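Coordinate analysis (summary)
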Amino acid sequence: MHILDISIMILYFSVLIIVGVIGSKRAKTADDFIVAGRNLGHFMYLSCLAAVILGGASTLGTAKLGYQFGISGIWLVVMIGLGIIAIGLFLTNKIFNLRVLTISEMLEKRYSSQTRLISALVSVIYTFMLTVTQVIGMGTILHVLAGWNLTVSMIVGGGIVLFYTILGGMWSVTMTDVVQFVIMTIGIFFIMLPMSISKAGGWGSLKENLPASHFELGKIGGETIFQYFLLFTLGVVVGQDIWQRLFTARTKAVSRGGTIGAGLYSVFYAIAISIIGMCAFIILPDLGDPQNAFTSIAMETLPVGLLGVVIASVVSALMSTASGTLLASSTLVVNDIIKKYIGPKMSERQFLKTSRITTLTIGVLAIIVSIWIQDILVALDVAYAILSGAVFFPIILGFFWKRVTATAAFYSILASMIAIIIGLVVNGPSSTQPILYGLATSFVVITTITLLSSNDDHKSESEVKQDIKGKADMDTMAN
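In this text, all values refer to a predicted model and were calculated from it rather than measured experimentally. Within any chain, residue numbers begin from 1 and follow the written order of that chain's sequence. Given that this is a predicted model, residues contribute local features only at a pLDDT of at least 70 and side-chain atom pairs are listed and counted only at 80 or more, while totals for whole chains, interfaces and linings are drawn from all residues. Calculation of side-chain values draws on the structure's entire complement of heavy atoms; hydrogens and water are dropped beforehand.

Some remarks on the overall build of the protein
As a reminder, the rule being used: Secondary structure elements are defined from DSSP: runs of H or I of at least 4 residues count as helices, runs of E of at least 2 residues count as strands, and each element is numbered from the N terminus. Note on exposure labels: buried denotes an accessible area under 20% of the residue type's maximum, exposed denotes more than 50%, and partly exposed covers the range between, all computed with a 1.4 Å probe on protein chains only. Every accessible area reported is derived by Shrake-Rupley at a probe size of 1.4 Å, with residue values counting cover from the shown protein chains alone. The charged-residue count follows a simple rule in which Lys and Arg add positive charge and Asp and Glu add negative charge, with His and chain termini not counted at all. Where a charge lies is defined by one atom per residue type, namely NZ (Lys), CZ (Arg), CG (Asp) and CD (Glu).
Along the backbone of the protein there are 20 helices and 0 strands. Along the first, second and third principal axes, the C-alpha atoms of the protein reach 70 × 50 × 40 Å. A total of 479 residues make up the protein; the buried ones form 62% of that total. On the protein, roughly 17600 Å² of surface is accessible, and the fraction owed to carbon and sulfur atoms is 66%. A distance of 10 Å separates the average location of the 29 positive side-chain charges in the protein from that of its 24 negative side-chain charges.

Notes on the packing of aromatic side chains
What counts is decided by this rule: For Phe, Tyr and Trp, where Trp contributes only its six-membered ring, two rings pair if their centres lie within 6.5 Å, and the inter-plane angle classes them as stacked under 30 degrees, edge-to-face over 60, or tilted in between.
This structure, assessed with the given rule, holds 16 aromatic pairs. With 6.5 Å between their ring centres and 20° between their planes, phenylalanine 226 and phenylalanine 229 make a pair best called stacked. With phenylalanine 226 and phenylalanine 229 both in helix α11 (residues 222-237), this residue pair falls 3 residues apart, about one helical turn. Phenylalanine 226 gets classed as partly exposed once you look at its relative accessible area, which sits at 39%. Taking 5.2 Å as the distance between ring centres and 55° as the angle between the ring planes, the aromatic pair formed by phenylalanine 393 and phenylalanine 443 counts as tilted. Linking phenylalanine 393 in helix α17 (residues 376-400) with phenylalanine 443 in helix α19 (residues 433-452), this pair joins segments that are 50 residues apart in sequence. Among the aromatic residues, those joined into a cluster by ring pairs are Phe43, Phe181, Phe189, Tyr265 and Tyr269.

Side note on α19
Here is the rule we go by: Helix span, as expected, comes to 1.5 Å for every residue beyond the first.
Taking 1.5 Å of rise per residue, 20 residues should cover 28 Å, and α19 covers 28 Å from first to last C-alpha, within 8% of that figure. When α19 is considered as a whole, its buried residues turn out to be Pro434, Ile435, Gly438, Leu439, Ser442, Val445, Ile446, Thr447 and Thr450.

Focus on the nonpolar core
Our working definition: Residue types Ala, Val, Leu, Ile, Met, Phe, Trp, Tyr and Cys, when buried and joined through side-chain atoms within 4.5 Å, form a set referred to as a nonpolar core. In this analysis, two residues are considered to be in contact whenever any of their non-hydrogen atoms come within 4.5 Å of each other.
Membership of the largest hydrophobic core comes to 157 residues, with the highest contact counts inside it found for Leu49, Trp243, Phe294, Met319 and Ile395. The element contributing the most residues to this core is helix α9 (residues 150-199), with 18 residues. Setting aside its immediate chain neighbours within four residues, phenylalanine 294 contacts Thr59, Leu60, Ala63, Ile188, Met192, Ile273, Ile276, Val310 and Val314.

Concerning the packing of helix α5 (residues 75-90) against α11
Definition in use: Axis angles are defined between N-to-C directions and span 0 to 180 degrees, where every axis is a line fitted to C-alpha atoms and, for a helix, only to the segment in contact. Handedness of a helix crossing follows the sense of rotation of the near helix relative to the far helix, less than a right angle counterclockwise being left-handed and clockwise being right-handed. All amino acids are sorted into three groups, where Ala, Val, Leu, Ile, Met, Phe, Trp, Tyr, Cys and Pro are nonpolar, Asp, Glu, Lys and Arg are charged, and the leftover types, Gly among them, are polar.
It is at 8 Å that the axes of α5 and α11 come closest, and there the two elements cross at 35°. Here α5 and α11 pass one another in a crossing that is right-handed. Touching Trp75, Leu76, Met79, Ile80, Leu82, Gly83, Ile84 and Ile87 of α5 are Ile225, Tyr228, Phe229, Phe232, Thr233, Val236 and Val237, all from α11. Residue classes in the contact of α5 with α11 are distributed as 13 nonpolar, 2 polar and no charged.

Structural notes on the pattern of salt bridges
We apply this condition: By convention in these notes, a salt bridge is any Lys or Arg side-chain nitrogen within 4 Å of a carboxyl oxygen on Asp or Glu.
Taken as a whole, this structure holds 5 salt bridges when the rule is applied. The salt bridge involving glutamate 108 is made with arginine 116; its shortest N-O contact spans 2.5 Å. For the pair glutamate 108 and arginine 116, one class covers both residues: buried. For arginine 116, the salt bridge is made with aspartate 336, and the minimal N-O distance between the two is 2.7 Å. Within this pair, whereas arginine 116 is found in helix α8 (residues 113-146), its partner aspartate 336 is found in helix α15 (residues 306-342), the two being separated by 220 residues in sequence. Counted as one network, the salt bridges with shared partners bring together Glu108, Arg116, Asp336 and Lys340.

Some points on the side chain of serine 47
We count it as follows: Polar contact criterion, stated in full: a pair of N or O atoms within 3.5 Å, where within protein one must be able to donate a hydrogen and the other to accept it, and residues adjacent in sequence count only if both atoms are side-chain atoms.
Along the chain, serine 47 turns up in helix α3 (residues 42-53). Taking the relative accessible area as the measure of exposure, serine 47 reaches 0% and is therefore buried. Here phenylalanine 43 takes part through its backbone oxygen, which lies 2.7 Å from a polar atom of the side chain of serine 47. With near-sequence residues (within four places) excluded, serine 47 lies in contact with Val178 and Phe181.

Some points on the environment of isoleucine 413
Structurally, isoleucine 413 is set in helix α18 (residues 406-427). In this structure isoleucine 413 comes out as buried when scored by relative accessible area, which is 0%. Put simply, isoleucine 413 and asparagine 93 are 320 residues apart on the chain and 25 Å apart in space, counted from C-alpha to C-alpha. Apart from the residues lying within four places of it in its own chain, the contact partners of isoleucine 413 are Thr115, Ile118, Ser119, Val122, Ala390, Val391 and Pro394.

Section: a nonpolar patch on the surface
Note the following rule: The patches described consist of residues with a relative accessible area above 30% and no salt bridge, like charges being joined within 9 Å and nonpolar side chains (Val, Leu, Ile, Met, Phe, Trp, Tyr) within 5 Å.
On the surface, Tyr411, Leu414, Ile418, Ile421, Ile422, Val425 and Val426 cluster together to form a nonpolar patch covering roughly 680 Å² of accessible area. Following the sequence through the fold, isoleucine 421 ends up in helix α18.

Things to note about the side chain of threonine 259
Secondary-structure assignment places threonine 259 in helix α13 (residues 252-283). Overall, threonine 259 belongs to the buried group, its relative accessible area being 1%. At a separation of 2.4 Å, a polar atom in the side chain of threonine 259 contacts the main-chain carbonyl oxygen of serine 255. Apart from the residues within four sequence positions on either side, threonine 259 is in contact with Tyr45, Leu49, Ile84, Ile87, Gly88, Thr92, Leu246 and Val254.

What about unusual backbone geometry?
In the Ramachandran plot, alanine 36 falls in the positive-phi region, its phi being about 50° despite a non-glycine side chain. By the element assignment, alanine 36 lies in the loop between α2 (30-35) and α3. Classification of alanine 36 by relative accessible area gives buried; the value is 0%. Phi is positive for arginine 99, close to 55°, though the residue is something other than glycine. Note that arginine 99 resides in the loop between α6 (92-96) and α7 (103-110). According to the relative accessible area criterion, arginine 99 is partly exposed, its value standing at 27%.

Examining the confidence of the model for the protein
What counts here: Per-residue confidence from the prediction method is given by pLDDT, with values spanning 0 to 100.
Overall, the prediction assigns the protein a mean pLDDT of 86, with 92% of residues at 70 or greater. The least confident element of the protein is helix α20 (residues 461-478), whose mean pLDDT is 44; the most confident is α13, at 96. In the model, residues 470-479 has pLDDT below 50 throughout and makes 6 contacts with residues more than four positions away in sequence or in other chains.

Some thoughts on the environment of valine 310
Position of valine 310 relative to the elements: it lies in helix α15. Given the relative accessible area of 0%, valine 310 is considered buried. Taking the C-alpha atoms as reference, valine 310 lies 47 Å from tryptophan 401; in sequence the two are 91 residues apart. Excluding anything up to four places from it in sequence, valine 310 contacts Gly187, Ile191, Met192, Phe294 and Leu302.

Right, here's the structure in full:
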């Protein structure tokens, strides 16, 4: 890698750190640190949401799938985009009115404190594993391009994200995400995509030299597409990292429009990265590890200078997701476990200090686990299987079926977690079965216990609304 490209990347990292420091000056309250003061407008909100959902698996993973399966590689990210669009169409108004900090806090209002605790534990595992996937991705890129040891590469990439996230929380993450969104858009759509197609000989060359099956949307297999739906479409709908971004919107209009826009952006991103992977199949037909498809074609295709910009764009995608999921993990631990059970009377200053310490601890652990796993798609499958299978039905039915009881929700999460873990051990992390076990168990338990419960056990819709209104009133009084 040329010294100019390395200099561009170092300059980019420096800009992120500076922007993170600037953002830290705005993080004066818990709401500032966790949800950016609930004050983001349309562009900042869309940028941040798109940046958090399009990370290492979306970029490196989709390029790998494009290399192996052609245009059918779009399905991983398309399913993420469909989940985001579904949130925008059906849930943003409900979520915006909650005025909470976490999904688990909402579940306590709807069900019970026990449900809050167990859902927080599930969501922490999910957000933690997503952070791991991004650190693996950053390490892979730096390892291939800079020639650094893979462990060192993960420590450097993860360490930079950890530094600016600790400084300013969501404000630092937001400001760096806007920069990252612009860089990744330019790098992928305006540099990497057209130059990859050109290097491969144009679109005609792709159609002539690629197997015909590379242009079939279903080549990857119906079972895999269905697995992606279960993992990613259902997963993002109930993901704390996604909800935490929704809480940052200034108005309902910003929340709804920005969410749908970010989902549509994801679909176009999926198409672009899959085509880049297809180009890599022609340019580098004997590539040893398809996971390196994106970085390898970048090195083969791009001239000095532009390579640095494109690599910065990919690192942007990973860093933005890593910072968001890292912050989501620490928020769940501090807000739903530490504050709830250990320090219910902690002051604003103590909350901020605890949040920074927790973020540091989780970040260090994520780097350690990344070094141990080193497979980005395996880590992603584990993360979404645990989340989608365990908490999807308690959250969605909690919104749309007023009869669901607290007991039903609690045992649904507990039973489905056990089913998922057994499935992961027996069938492996890449199997569809664990999430099916989890979803089936969750649905059967929650519906059975609810239907067998007496009317006295049901929290009415008016009681739920009153809980939410009470929280909003308390927030207003506090401000």
